Amino acid sequence: MSTPDLSQPLKFAYWVPNVSGGLVVSTIEQRTSWDFDYNKKLARIAEDAGFEYALSQTRYAASYGADKQHEATSFSLALLAATEKLKVIAAVHPGMWQPGVLAKFIITADHISNGRAAVNIVSGWLKNEFTGFGLPWLEHDERYVRTEEFIRILRGLWTETNFSQEGKYYNITDFTLNPPPVDVPGRAHPEIFFGGNSTAAQATAGRVADWYFSNGKDLEGFQENIAGVQASAGQVGRFPKFGLNGFVIARDTEKEARETLREIVAKAHRPAVEGFRDAVQEAGASTVDGKGMWADSSFEDLIQYNDGFKTQLIGTPEQIAERIVEYKKIGVNLLLTCYLHFQEEVEAFGRDVMPIVRELEADAAAKAGVDFHLDTPLTSKAGV
């Protein structure tokens with residue numbers, strides 16, 4: 001496993017609640033809304049709180065406790081227009097988009113936002129959305145063949161003129177997109193995020209993704225999850241970065257935080273969770289080695305639909321900050337967070353948790369003998 005870069009601060013992102021029902025499938029109160037006015041205010045709160053990224057969810061059909069959903073790319077563009085610093089990642093499915101059309105859309109979004117557009121490529125994951133639209137549903141590993149072609153085309157059209165690529169699923173012939181994406185220092189093109197737990201997904205991520213998103217994992221599980229990505233990347237001299245999902249329950253005491261988690265689980269919408277489990281665990285079941293998204297997820301895990309409880313960001317701000325930095329020490333570059341009450345808790349996370357994280361990061365860097373590069377000065381929050 002590669003050595004973590006302790007000199008650079010962790011980046012923080014949040015899930016955009018552009019899908020109704022909140023981020024847990026439970027009847028517990030969630031003061032979160034899927035509408036644009038709520039999300040516009042949330043995005044501004046988040047960038048003021050120190051979040052660098054937001055990720056808009058892609059969902060088309062009512063499912064998993066959500067009966068309403070906004071389309072991810074248009075919603076992301078609107079949030080970019082409503083903010084000044086926040087980078088917004090739109091989740092998209094190969095098979096529903098033609099890559100050249102998406103490449104052009106993202107270039108336009110990039111210019112509107114002065115270089116803040118990004119994409120998250122989702123190879124699955126709900127079969128009925130593809131078949132309901134009359135689109136082909138590919139077998140598991142074949143989806144990643146298509147995804148790799150898709151990502152290579154995005155990168156090619158964003159960085160080359162007269163680009164051509166001939167493949168099994170897409171053919172681009174001598175094509176140039178003008179204008180190109182915004183020239184952002186340190187960024188070759190709009191960032192490409194990608195996730196998946198299977199062996200095929202990890203190999204694909206290593207070869208073509210800028211960022212690999214992991215579902216929620218404990219420390220050991222995260223190390224196992226990124227090992228395949230790093231092995232694949234190493235074969236072609238690439239160095240993707242790593243993001244990890246986590247559901248945050250920050251309370252005054254650990255007891256209060258744990259009680260909140262117990263209430264979420266006790267009030268779970270069982271038919272919706274079981275329906276989601278049946279739909280998504282096809283991925284692991286269809287692979288040779290049994291590895292795939294949600295393959296080892298329990299009912300309780302799936303109440304948060306990216307295994308966010310597994311990351312265990314549950315307790316006091318100090319406990320959560322300490323755990324976050326433990327993840328950084330094993331390779332996490334970005335933490336993707338979700339909450340019960342987004343506006344209040346995103347603001348509180350920036351106020352109560354991030355400053356402690358920064359102090360702990362600086363301390364870890366000092367102990368390792370490296371300089372910690374933070375643009376904003378530290379404000380003491382940790383009692384350490």
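The structure this text deals with has already been given above.
To keep things clear, this report deals only with the structure shown in the data block. Everything numeric here is computed off the predicted structure, so don't read it as measured data.

1. Thoughts on the nonpolar core
Tyr-14, Phe-51, Ile-324, Phe-342 and Phe-349 are the most contacted members of the largest nonpolar core, which totals 105 residues. The element contributing the most residues to this core is helix H13 (residues 342-368), with eight residues. With near-sequence residues (within four places) excluded, Phe-342 lies in contact with Tyr-14, Trp-15, Pro-17, Leu-23, Arg-31, Thr-32, Tyr-38, Leu-42 and Glu-347.

2. Some points on helix H8 (residues 254-266)
Counted at 1.5 Å a residue, the expected span for H8 with its 13 residues is 18 Å, and the 18 Å between its end C-alpha atoms agrees. Of the residues making up H8, those classed as buried are Ala-257, Thr-260, Leu-261 and Ile-264. Projected down its long axis, H8 shows its buried positions confined to an angular sector of 95°, all on one face. Those residues of H8 that are exposed and angled more than 90 degrees off the buried face are Lys-255, Arg-262 and Ala-266. The inward-facing, buried residues of H8 contact strand S9 (241-250) and strand S10 (313-315).

3. A word on the packing of aromatic side chains
What the rule picks out here adds up to 19 aromatic pairs. Ring centres 5.6 Å apart and planes at 80° place the aromatic pair Tyr-60 and Phe-133 in the edge-to-face group. Residue Tyr-60 is found in the loop between strand S2 (53-56) and helix H2 (72-81), and its partner Phe-133 is found in the loop between helix H4 (127-132) and helix H5 (140-159); the two are separated by 73 residues along the sequence. Take Tyr-60: its relative accessible area is 28%, and that puts it in the partly exposed class. Through a chain of ring-to-ring contacts, three or more aromatic side chains come together here, namely Phe-12, Tyr-14, Phe-51, Tyr-339, Phe-342 and Phe-349. In this structure, Arg-270 is placed above the aromatic ring of Phe-299, and the distance from its NZ or CZ to the ring centre is 4.0 Å.

4. Description of unusual backbone geometry
The step from Asn-178 to Pro-179 runs through a cis peptide bond, and the omega angle for that step is 0°. Turning to its location among the elements, Pro-179 is positioned in the loop between strand S6 (171-175) and strand S7 (191-195). With a phi close to 50°, Asn-162 is a non-glycine residue in the positive phi region. Mapped onto the elements of the fold, Asn-162 is located in the loop between H5 and strand S5 (163-166). Backbone geometry at Asp-174 places phi at a positive 50°, although glycine is not the residue there. Counting through the fold element by element, Asp-174 comes out in strand S6.

5. Things to note about the packing of helix H1 (residues 36-49) against H2
Packing of H1 against H2 brings their axes to within 9 Å, and their N-to-C directions diverge by 50°. Classed by the angle they form, the pair H1 and H2 counts as oblique. Once H1 is placed against H2, the crossing between them reads as right-handed. Of the residues in H2, those touching H1 at Phe-36, Asn-39, Lys-40 and Ala-43 are Phe-75, Ala-78 and Leu-79. Of the residues that constitute the contact of H1 with H2, the class distribution is five nonpolar, one polar and one charged.

Thresholds, definitions, all that
- Residues numbered from 1 in each chain as written.
- Predicted model: local features only at pLDDT ≥ 70, side-chain atom pairs only at ≥ 80, totals over all residues.
- Heavy atoms only, no water.
- Core = buried A, V, L, I, M, F, W, Y, C linked by side-chain atoms within 4.5 Å.
- Buried < 20%, exposed > 50% of the residue type's maximum accessible area, 1.4 Å probe, protein only.
- Helix = DSSP H or I, 4+ residues; strand = E, 2+ residues; numbered from the N terminus.
- Contact = heavy atoms within 4.5 Å.
- Expected span 1.5 Å × (residues − 1).
- Arc of directions from axis to C-beta.
- Phe/Tyr/Trp six-rings, centres within 6.5 Å; stacked < 30°, edge-to-face > 60°.
- Lys NZ or Arg CZ within 6 Å of the ring centre and 35° of its normal.
- Axes fitted to C-alpha atoms, helices over the stretch in contact; angles between N-to-C directions.
- Parallel < 35°, antiparallel > 145°, perpendicular 65-115°, else oblique.
- Left-handed = near helix turned anticlockwise from the far one by under 90°.
- Nonpolar A, V, L, I, M, F, W, Y, C, P; charged D, E, K, R; others polar.

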